[in-house]
Structures are given as structure tokens and as C-alpha cells.
Number of protein chains: 4
Amino acid sequence: MKYTLLIQCDDKKGLVYKISKVLFENDFNIETQQEFVDKENNKFFFRAVIAGEVDKEKLKNEILKEVPCADVEIFKKRKKRLFLLATKEAHALGDILIKQYSGDLDVEIIGVIANRNNLKDLVEKFNIPFYYIPAEGKSRVEHENEMLEIIKPTNPDFIILAKFMRILTPNFVEEFPNKIINIHHSFLPAFIGANPYKQAYDRGVKIIGATAHFVNNNLDDGPIIEQDVTRVNHEMSWEEMRVQGRDIEKIVLSRAIKKAIEDRIFVYANKTIIL
Amino acid sequence: MKYTLLIQCDDKKGLVYKISKVLFENDFNIETQQEFVDKENNKFFFRAVIAGEVDKEKLKNEILKEVPCADVEIFKKRKKRLFLLATKEAHALGDILIKQYSGDLDVEIIGVIANRNNLKDLVEKFNIPFYYIPAEGKSRVEHENEMLEIIKPTNPDFIILAKFMRILTPNFVEEFPNKIINIHHSFLPAFIGANPYKQAYDRGVKIIGATAHFVNNNLDDGPIIEQDVTRVNHEMSWEEMRVQGRDIEKIVLSRAIKKAIEDRIFVYANKTIIL
Amino acid sequence: MKYTLLIQCDDKKGLVYKISKVLFENDFNIETQQEFVDKENNKFFFRAVIAGEVDKEKLKNEILKEVPCADVEIFKKRKKRLFLLATKEAHALGDILIKQYSGDLDVEIIGVIANRNNLKDLVEKFNIPFYYIPAEGKSRVEHENEMLEIIKPTNPDFIILAKFMRILTPNFVEEFPNKIINIHHSFLPAFIGANPYKQAYDRGVKIIGATAHFVNNNLDDGPIIEQDVTRVNHEMSWEEMRVQGRDIEKIVLSRAIKKAIEDRIFVYANKTIIL
Amino acid sequence: MKYTLLIQCDDKKGLVYKISKVLFENDFNIETQQEFVDKENNKFFFRAVIAGEVDKEKLKNEILKEVPCADVEIFKKRKKRLFLLATKEAHALGDILIKQYSGDLDVEIIGVIANRNNLKDLVEKFNIPFYYIPAEGKSRVEHENEMLEIIKPTNPDFIILAKFMRILTPNFVEEFPNKIINIHHSFLPAFIGANPYKQAYDRGVKIIGATAHFVNNNLDDGPIIEQDVTRVNHEMSWEEMRVQGRDIEKIVLSRAIKKAIEDRIFVYANKTIIL
């Protein structure tokens, strides 16, 4: 058995010592351990992967006795369960499907919801339930509630927006705090909003990018998990930029998923600390 | 109709003028045109995409009349036909399958040959013929001849080695000059040979990469089409480098395929000129 | 003698043919030639480097006879003359000084103006005139006019803002259209305005960048010449991002200068076409 | 006062706890702390920056009492002293000079030795002693001994080979184990040996790079500290690759120097662990 221990609290002297003491006295094998202090906000972040038998409640209580104010989470290592949302583009979704299929991404895909129907065939090739939930003629909240009815009972670890081209309202977002990961097809905060490739083309940039972030209530403004870029030039149309950008989108998204399912990401002050 | 015109010849004065004259007098619409002079080797390379009705023989003869020594090729623009070879890894193959499926790569996949059987299920999901041709108990040439019997009648435009982990002999290679594209899982010429990720790990490099190249008779020494890299660090095992490297491999390979199917690549002096 | 020929005009059939004809009939040696068609705007761009004796007026007239509407420029190849503006940071300025000193940048530096005095010692080490022109107590236009009095008589080819931290008004900018190159310390259009490193830190981006652009009347909105990026992480303060970013800034700026002094840059529709 | 504590030892349970205990009981302020376990070699690496008054001998003894086998080093934070070796290229040397001048690199430059004389003027602009020690007519060891006579009495923290184009023998290298940092103008292990840019050009690579490494007795085979790359294409001559590569060389070198002077680098099994 392996467990990931995540601790977040106000920084003060001796935190590593006190936490290490608990771990040492429990005779755990510590596979990896990192800590980080955000000096600007005086916050301490700690992550360890522990091998052995762990009584989660007992361990948590022992840590809280040493470090009272801490926010302590202990995750048993297991295959994380993802629910995917998409619209009509296949690249980000397809990359996750292939990676799950080949084992490069150690997850279970519970299902895929899309507001278009064209990805049904692809998803079902992989024996994954596909739910076509069109948005036409529905309010945002009605559409979201239809999705929530399917998603909520499955209790996913993360919801992945694999080019889901609709804005989610607080009605949906607040159900899954720091559990919804979106891939935005630009190097945020550049080109917020619609058609960032067209915006990038019009602005004449020499590099385009993609950004994976947690979704919060401010559109395109959630905590950034991962970004990457690729070079473009004056010879390219915005449609060519879009095709080239898709490779970056899918890779940035799958890197972000990897960090999330390994329980490596802390969120604080609208930023991510990745240990 | 669109046609790609590729011309290669010794450089001399007036080549662009003479070729442009033929194109102008034929009243073609030239969509794009590039030329390059390799001064070291005194070689001229020219590529144009022409829209309209083209009598290929007539055009070729007119160009040869103006530019006698030239090597002139004219390709009608059409969906290129690829034959894929693989072994057991799904990432490069899967990326091509998804891109073909979604239309991001405008090709027909004739079939997939593999010397392991595990990719059969994936390939057949996409309704593409899969041929399992194990190599055990056969000489290299025997194994190749079994593959050639399947491939040759299909007359593919390109043969893509999507992590085909066997060395091809001249017996196979010489059937398809500058038509076999391999993805090598290192930043060539570093880490030639077996298990480059292990080699990279052992050497302690801070960046790993992948190289797409045409296959010739010298292992890992064919003309390089495309390369890219990704950063690694001391925390990573070589297996983790391999997983991270796969994203680079598949992207580098698909970029190389894209250039090949668009008839953009000249090969000269064991290098590629990409117009 | 070498000459660079730049032609820009509305696209139509036969432009390359007609221009090539003039060059061929004049028996020029063409060292390099590129052309680009912006299909969205139906614009044709042509650049050639010609070796030999060129009568610029005659050549221009011959081209205009064949291609009447064209905007034709012919530059004799010579060491370009730069005037540099700075404030107090040494990195971008110092990089240009070292590159000019070593010959990696083939330019003459006419002089340096700064609105702080601390770079005087560095500049004078390289025997380049330094002008300290403080801005305190002056209107923008007064300050600019003091600078213009020094710069204008020297007739520079380009004015390089090597971290000149003041906004230039149309009063200054319009004297040097597409001749003022600025380095902005962010990946534009992200983080326009003051202290982009602090903005990047606050937003929690994972990559920072720099942008070289021509200066026009809209702050940070001129045509982009070159961009590049570098990876950052949660461990870095914004001051550390700034130090790391400086290497990107100086390299992006010197790449842009190199393209400018080689007469490779066309400006159209607030974008650059670099041939 | 700040101190950097570096500990290296065989991995076993409780190391972080035991070290943290010593630091806690001494009531130190720990500014930053990282640890890494090399599982392949079962080695533990620890780095902490401590603020406060530290009795180095006492602290070392207390740690050794808890962790007997450890290799413990404690460095008082101070401006590190560098001796630079060069040949005739100005870019890497110039970048260090400018960074030292501007404060972006917090070092003292003791002196510069070169086996050519052309950099004398540049170095002396910055009031740094320049020693011209030609190699002609001397054996390697004689030449090295002349350099050692100058360098050894100055007791430098690091010796920086800023494009010093001569091979150092064990006679020199063994005087400064893991203290000599070289910049190699290729992406090692590709293109070992002479003129890597020409080699890269001849091989037709699409990306070139640079590698900073500690110098050991095997040419170009020392532990790699930092690498980076830049894209090239078929249009570039090898001389153009060299000029473009110089920006990468100098940046990679200065990043490596930064890590070295901050006492962040462990060397083990011919690799670097950078905390």
C-alpha cells in the first residue's frame, strides 16, 4: 500500500521536524518527501509518499497534535477516476483515451459527456459510456443539471474538460472545487475568451501556447497547472495555428492530469504549488 | 486541382526566372512558391503549389527545355497513403490513428504490420487491417520479405515506423528510398542504438529528445526531418523519462509525416531541405 | 557590393516572373530570394539579396515598369547605425555592447541616451557617447525633444529601446516609423503595462517571456518581431523571475535587431513578415 | 548570516527526521530545505539554507552524531570568487562580465587567463586582471603549470572555462575537483570533440544546443549541470549556427554558474543532483 500525505499550514519553525517525527515514530517507509514555504504568504506545504500500512485517522490525529493548525489530507494510492467533458474536437479526448488504453495514464475513465454527438463513435470504440447532452434550448443551469445528474452519482476524482467549449456556471463549478481541469487553447492570460488562435493570428504573435488550469468562477482565471508553447510564423493561417496548437493542448492537459492524479497539486492564492 | 512542383538542379543564374516564365506562360495560379540555394553544394531547390488544370508531362518538358539538367517532379495533390509498422507501444501509432480519424492528418492508412500482437485490438477499433508478423525463428530478410509481400502490392506513398523496434536491412530499405520515416527516441546523433532513455539517464542529461528521419542503410543515420526536446531532471527514473519522451516522439513523428505528405521535403547530401 | 531589394505590392499573377525577369536581364547574381503572399490581405512580399554593381534608380524604375503598383526599396548593404535608449538596467544594453564589440552584431552604435546616470560608466568603457537626459521636471514632449535634438542629426537606421522604461508619445514615435524597436519584458499580449514580472508572479504562470516589437502609437501594441519564453515555477519570487527573464529579454532583442539590420522585416496590418 | 548545509549519505529511514531534529534543537531559522533520494544508488541528498549564528564545527558534529556516515558540508553564504579561462571568443566571458558588473551574478572575478591576447582590452575595461599565457611551444603540462602558478594562490571557489578551447589534463583538473565548469558548444553527448557546429551542420540536425558540465579527466564527459537548445534549419551555414549558438552557450553557462555559487549542486555517479 502507498499513501500520499499532503499538509498545508501557516509556516513556523520546526514543521518538518515535527512531521518527520510522527512519520519516523510510526516507522513508515517514506518514498519521497518535499516541502515548500511560500514566504510571501507565510504558508508551508508538505507532500510525502509513504509505503506501508497506514491508519489514516490515527496518522492525521498524530500530525494534528504536533502541528495543530494544519490542513492534513491522506490519500491511499489508487487508480483515479475521471469524468471527461468534450464538445467536438477529438485531439485532447483521443490523447487521454490512448494514454489510458496504453497505461501511460493510470486512470479509469468513467464516462464522457459531450454537447455534440460526433465523438460518440470514437469514445465507444474504447468501451467507455458516452452521453450526448445537447445544450440547445436549455438554460446554462438546466444543461449543467443534466450533466450533474450523470456525473454526481459516479463521484469522480477529477472532471476533465477536454475542449469542452462551454462556460460552466458556479452551479456546476462549486460542486467540484479544484477538481475540474480545463485546457485553454492559449498561453493565458493572453487571449482570454473566444477563438484565441484567431486572436493570436490577428495580433501577429510568434509563439502560441496552451494552459491547463483548475476551473473556478472566473472564466479563464483559475489556478494555472501547466503551460507550454510552440513557435509559429507569418506563413501560417489561424487554422494552421489551431492544428499545430492542438498537439500542445493535449500534451499540456495530460501533464496536468498526471500531476493531479498523483496528488501533487496544492492550490493557494489562486496559484498552484506542485510538489 | 492542385499540383506540387518540386525541382532540384545545379544552381545557376536565372533559374527562378526561367521556371517562373514557364509557369506564367501557362497561366497557372501559383498558390505558394519557395526556393533555396545550398551554396556549399551549389544546388538549387524549388517548390511551388499550382492550382488549375496541369498536363504533367507537358509542364515537365517545358521546364526541362528551359532548365535542362533539372530533376523535376509534379505531384497531383491527393490524400497520401501510409503503411504503418509498429512493435508494441501504442503512443505513436495511436496519435496517427486519432489524427487520421479527426482529419488533422489528411491521409489514408492502408494497414498496420507489427511484430507483436498486442496492438491488434487498438488498430482494428479504427477499422484498419492489422497484420501480425512475428520475427521469431526467421532471418531478418525472411521477416522483411513477409512484410514486403503485404506492403508492396499496396504501393504506399510512405512507410511510417511508429516505434517499430527492429532494424531494417537494405533488402527492405532499398525498395522505398526516402519513403520510410522512422521516429528515433533520442535527440540524434546522441544515444544511437538500444534504449536511448536508459543511456540518457545514465549520462545525466538535462534534456531528452526525439528525431524523425528517413531510413537509409546506415542505422540511425538517415536524413533528419524533425527533432524536438523536453526537459528532464535528476528526480526522474529512466522509465519516467520514457513516458515523458513519448509525447515528444509522437509529435515529432506526426510533424514529419505532415511535411512528407505535403511534398515539402528534398533530400540532398544526407540532409533534408524542407520548403 | 551587395544590395537588398524589398518589394511589397498587391498580389497578382506573374509577380515573381516579372521581377525575376528584370533581375535576370540585368545579369545580377542573386544570393538569396524569398517571397510570401499574405492571402488574407492579398499582399505580395519579395526580398532578394543581389551581388554586383546596382544602379538603384534604374533598377527601381525597371521593376516599377513591370510591376507598377509596387513599393520598391533597395538598400546597399552596409553597417547599420543604431542609437540606443536605456534607463538603468545593464543586461540588454550590455549584450548589444558586447555583441558589437565582438562582431557578432555588425552595427555601429552612435550613442546611448538614458534617463538615469548609472550606465554612463559601462557605455563609456566601450568608447560610445553617453547622454544623460533626466526626465524629472519636464513634460514628456520636452524630454523627448531633448532626445530628438541629439538623435535626429545622427540619422540612425534604428533606435533600440534597451529597457528604456518610459512611454514615447507620437511626437517622438512618428519621427521614426518602423525604426524604433522595443523589448517588452513579457510574452505580449499578456501582462501589458507596469511590472509584468510581478503580474506574472501574481497570476501564477508557469512560463514567462519577452517580446521585441516596433513601437507605434499604441503602447505595447506595435508589430511583434520576435518572442521567446522560459519556464518558471512556484519556488521563484518575482524578483527571481525578473533576473531569469533578463536573459530572454536580451536575446529576443538582439535577434530582432539582427533581422532589422539585415533588412528582412516587412510591416503590414500591424504584423511583421520576416523573409 | 546565512549558511548552506549540504549532506550526502546512504539512504536509510529517518534521515530527514534526525537532521531536522538537530536543526530544530539549535533553534535555527530554516529558509529553504530540500532533500532527494536516488533510489537506484540508495543515496540521500539534503540541502538547507539556515539563517542565524552557526558554529559550523559544532553543527557538523551534532549532525554526524545523529547520521554517522554522512558527508556534511556547511558553507557560510558569501560572494563566491571565480577565476575565468578563455581563448578568443568574447560572448561567454562578456556575459559574465556584464552580469557581474550589473549585480545579476553575485560573484567576484579574480582574474582572466587566456591563451590568446585579443580579450585583454575587454577584460581590462572592467578592471579585472588579464593574464595572457600563450600555449605555443609548451607542453600541455608546462602551459597548465604556468596557469596554476597564477590561479592556485588566489584559491578560487570555481574556475569557469568561458570558451577556453584547450583540453586540460589531470595535472590541472585534479587540483580542482568539481570546481571547474566548462561550456561545451553542443548538446552533449552529441558532437563531442572539435567544431561541433560544423558537425551539427554536416549531420543536418534541426536543433543545436550547449552543455555546461564539471570537468573531469574524460574529455566532454563530466557531470552535466545544465543544457539548452535552439532551433536551426537548412538555410543556415555552420557559421550562422555558431553565432546563434553563442547566445545559448552563454546563458547555459551562466545558469550553471548561478547554481554552483548558490551551493546547490551535488555530484554523484557522474551526474548532478541540483537542489
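Each chain carries its own residue numbering, running from 1 in the written order of its sequence. Chains carry letters and ligands carry numbers; both start at the beginning, A for chains and 1 for ligands, and go up in the order they are written. Local features in this predicted model are restricted to residues of pLDDT 70 or higher, and side-chain atom pairs are both shown and tallied only at a pLDDT of 80 or more, whereas totals for entire chains, interfaces and linings draw on every residue. The basis for every side-chain value is the complete set of heavy atoms in the structure, and neither hydrogens nor water enter the calculation.

**Digging into the state of the cysteines**
All names here are of chain B.
At step 1: Cysteine sulfur atoms are paired as a disulfide whenever they fall within 2.5 Å. For the structure shown, the criterion picks out zero disulfides over all chains.
At step 2: Of all cysteine sulfurs, the one in C9 lies closest to C69, which takes part in no disulfide; the gap is 4.3 Å.
At step 3: Residue classification places C69 among the partly exposed residues on the basis of a relative accessible area of 43%. The classification of residues rests on relative accessible area computed with a 1.4 Å probe and restricted to protein chains. Under 20% of the type maximum is buried, over 50% is exposed, and intermediate values are partly exposed.

**Structural notes on the packing of helix α3 (residues 91-102) of chain C against helix α3 (residues 91-102) of chain D**
At step 1: Only the stretch in contact is used when fitting a helix axis, every axis being a line fitted to C-alpha atoms; angles between N-to-C directions are given from 0 to 180 degrees. Helix and strand assignments follow DSSP, with helices taken as H or I runs no shorter than four residues and strands as E runs no shorter than two, numbered in order from the N terminus. It is the contact of α3 of chain C with α3 of chain D, at a shortest axis distance of 10 Å, that shows an interaxial angle of 150°. In this structure, α3 of chain C meets α3 of chain D at a crossing whose hand is right-handed. Where α3 of chain C abuts α3 of chain D, its residues H91, G94 and I98 of chain C lie against H91, G94 and I98 of chain D.
At step 2: Under the scheme applied, nonpolar residues are Ala, Val, Leu, Ile, Met, Phe, Trp, Tyr, Cys and Pro; charged residues are Asp, Glu, Lys and Arg; polar residues are all the others, including Gly. A breakdown of the residues in the contact of α3 of chain C with α3 of chain D according to their chemical character gives two nonpolar, four polar and no charged. Crossing handedness is read from the near helix: turned anticlockwise from the far helix by less than a right angle, it gives a left-handed crossing, and turned clockwise, a right-handed one. Throughout, a residue-residue contact means that at least one pair of heavy atoms, one from each residue, lies within 4.5 Å.

**Side note on the pattern of salt bridges**
When the charged atoms of two side chains with opposite charge come close together, those side chains can pair.
At step 1: Within this document, salt bridges are pairs made up of a side-chain nitrogen of Lys or Arg and a carboxyl oxygen of Asp or Glu, the two lying within 4 Å of each other. Following the criterion strictly, the structure yields 124 salt bridges over all chains and no others.
At step 2: Close ionic contact of R203 of chain A with D221 of chain C constitutes a salt bridge, the shortest N to O distance being 3.2 Å. Here the residue R203 of chain A occupies a position in helix α7 (residues 196-203), and D221 of chain C occupies one in the loop between β10 (207-214) and β11 (224-231), the pair thus bridging two chains.
At step 3: For D221 of chain C, a relative accessible area of 28% corresponds to the partly exposed category.

**Overview of the sheet that holds strand β5 (residues 80-86) of chain D**
Strand pairing in a sheet relies on backbone hydrogen bonds, with the paired strands running either antiparallel or parallel.
All names here are of chain D.
At step 1: If DSSP finds at least two bridges between two strands, the strands pair. Strand order across the open sheet formed by seven strands is β7-β6-β5-β8-β9-β10-β11, with mixed pairing between neighbours. Two strands lie at the open edges of the sheet, namely β7 (130-132) and β11 (224-231), each paired on one side alone. Going across the sheet, the axis of each strand differs from the next one's by a mean of 20°, ignoring polarity.
At step 2: The pairing of strand β8 (residues 158-161) with strand β9 (residues 180-184) spans three bridges and is classified as parallel. Bridged to I159 within β9 is I180.
At step 3: Along the sheet, helix α5 (residues 140-151) makes contact with β5, β6 (107-114), β7 and β8, crossing β5 at roughly 155°.

**A look at the relation of the copies chain A and chain C**
At step 1: With an RMSD of 0.0 Å, the operation that places chain A on chain C is a rotation of 180° combined with a shift of 0.0 Å along the axis. Each copy turns onto its partner about a two-fold axis. Within chain A, the C-alpha atom positioned nearest to the axis of rotation is that of A190 of chain A, 2.3 Å from it.
At step 2: Mapped onto chain C, 100% of the interface residues of chain A again fall at the interface, so both copies present the same surface. A least-squares superposition brings the copies together, and it is based on the C-alpha atoms of residues with pLDDT no lower than 70 in both.

**Describing the domain arrangement of chain A**
All names here are of chain A.
At step 1: When the domains of chain A are assigned, the result is domain 1 (2-76) and domain 2 (80-274).
At step 2: Counting residues at the interface gives twelve residues for domain 1 and eight residues for domain 2.
At step 3: In this description, buried area is defined as the sum, over both parts, of the accessible area (probe of 1.4 Å) that is lost when the two are combined. Across the domain 1 to domain 2 interface the summed buried area is about 940 Å²; carbon plus sulfur atoms make up 62%.
At step 4: Remark: the boundary between domain 1 and domain 2 carries zero salt bridges.
At step 5: Here a polar contact means two N or O atoms within 3.5 Å. Within protein one must be a hydrogen donor candidate and the other an acceptor candidate, and residues neighboring in sequence count only if both atoms are side-chain atoms. Taken together, domain 1 and domain 2 are joined by two residue pairs in polar contact (both at pLDDT 80 or more).
At step 6: Residue assignment for the side of domain 1 that touches domain 2 shows that the elements contributing at least two residues are β1 (2-10), β2 (29-38) and β3 (43-51).
At step 7: For the side of domain 1 that touches domain 2, a count of residues per class yields six nonpolar, three polar and three charged. Domain delimitation in this document rests on an assignment produced automatically or drawn from a domain database.

**Things to note about the UniProt feature "active site" (unreviewed entry) in chain A**
At step 1: The UniProt feature table records "active site" (unreviewed entry) at D220 of chain A.
At step 2: As for its placement among the helices and strands, D220 of chain A is situated in the loop between β10 (207-214) and β11 (224-231).
At step 3: In this structure D220 of chain A touches H184, L188, I192, G193 and H213 of chain A together with R203 of chain C, once residues within four positions along its chain are discounted.
At step 4: A polar atom in the side chain of D220 of chain A sits 3.3 Å from the side chain of H184 of chain A. UniProt positions are given in the numbering used here, feature names are shortened, and annotations may be inferred rather than shown by experiment.

**A look at the sheet that holds β1 of chain A**
Residues and elements named next belong to chain A.
At step 1: Pairing in this open sheet of four strands is antiparallel, and the strands run β2-β3-β1-β4 from one edge to the other. Because the sheet does not close on itself, it has two edges, and the strands there are β2 and β4 (71-76). Between one strand axis and the next, the sheet turns by 10° as a mean value, whatever way the strands run.
At step 2: Set on the sheet, helix α1 (residues 15-25) makes contact with β1, β2 and β3; between it and β3 the angle comes to about 20°.

**Points about the UniProt feature "domain: ACT" (unreviewed entry) in chain A**
At step 1: In the numbering used here, UniProt assigns the "domain: ACT" (unreviewed entry) feature to residues 4-77 of chain A.
At step 2: End C-alpha atoms of residues 4-77 of chain A are separated by 7 Å, and the span's content is 30% helix alongside 43% strand.

**What to know about unusual backbone geometry**
At step 1: The peptide bond linking L188 of chain B to P189 of chain B adopts the cis configuration, its omega dihedral lying at 5°.
At step 2: With respect to the helices and strands, the residue P189 of chain B is situated in the loop between β9 (180-184) and α7 (196-203).
At step 3: With a phi close to 60°, N127 of chain D is a non-glycine residue in the positive phi region.

**Digging into the interface of chain A and chain C**
At step 1: The partner chain C presents 34 residues to the 34 residues of chain A that form the contact.
At step 2: Across the chain A to chain C interface the summed buried area is about 2,900 Å²; carbon plus sulfur atoms make up 54%.
At step 3: When residues of chain A are sorted by the area they lose upon contact with chain C, R203, K206 and H234 of chain A head the list and together hold 25% of the total.
At step 4: Summed over the shared surface of chain A and chain C, the number is six salt bridges.
At step 5: The partner of D228 of chain C in a salt bridge is R231 of chain A, with the nearest N and O atoms 3.5 Å apart.
At step 6: Our count for the chain A to chain C interface comes out at 20 residue pairs in polar contact (both at pLDDT 80 or more).
At step 7: Looking at the side of chain A that touches chain C, the elements that each hand over two or more residues are β2, α7, β11 and β13 (271-274) of chain A.
At step 8: With seven residues, the top contributor of residues to the side of chain A that touches chain C is β11 of chain A.
At step 9: Of the residues that constitute the side of chain A that touches chain C, the class distribution is 15 nonpolar, six polar and 13 charged.

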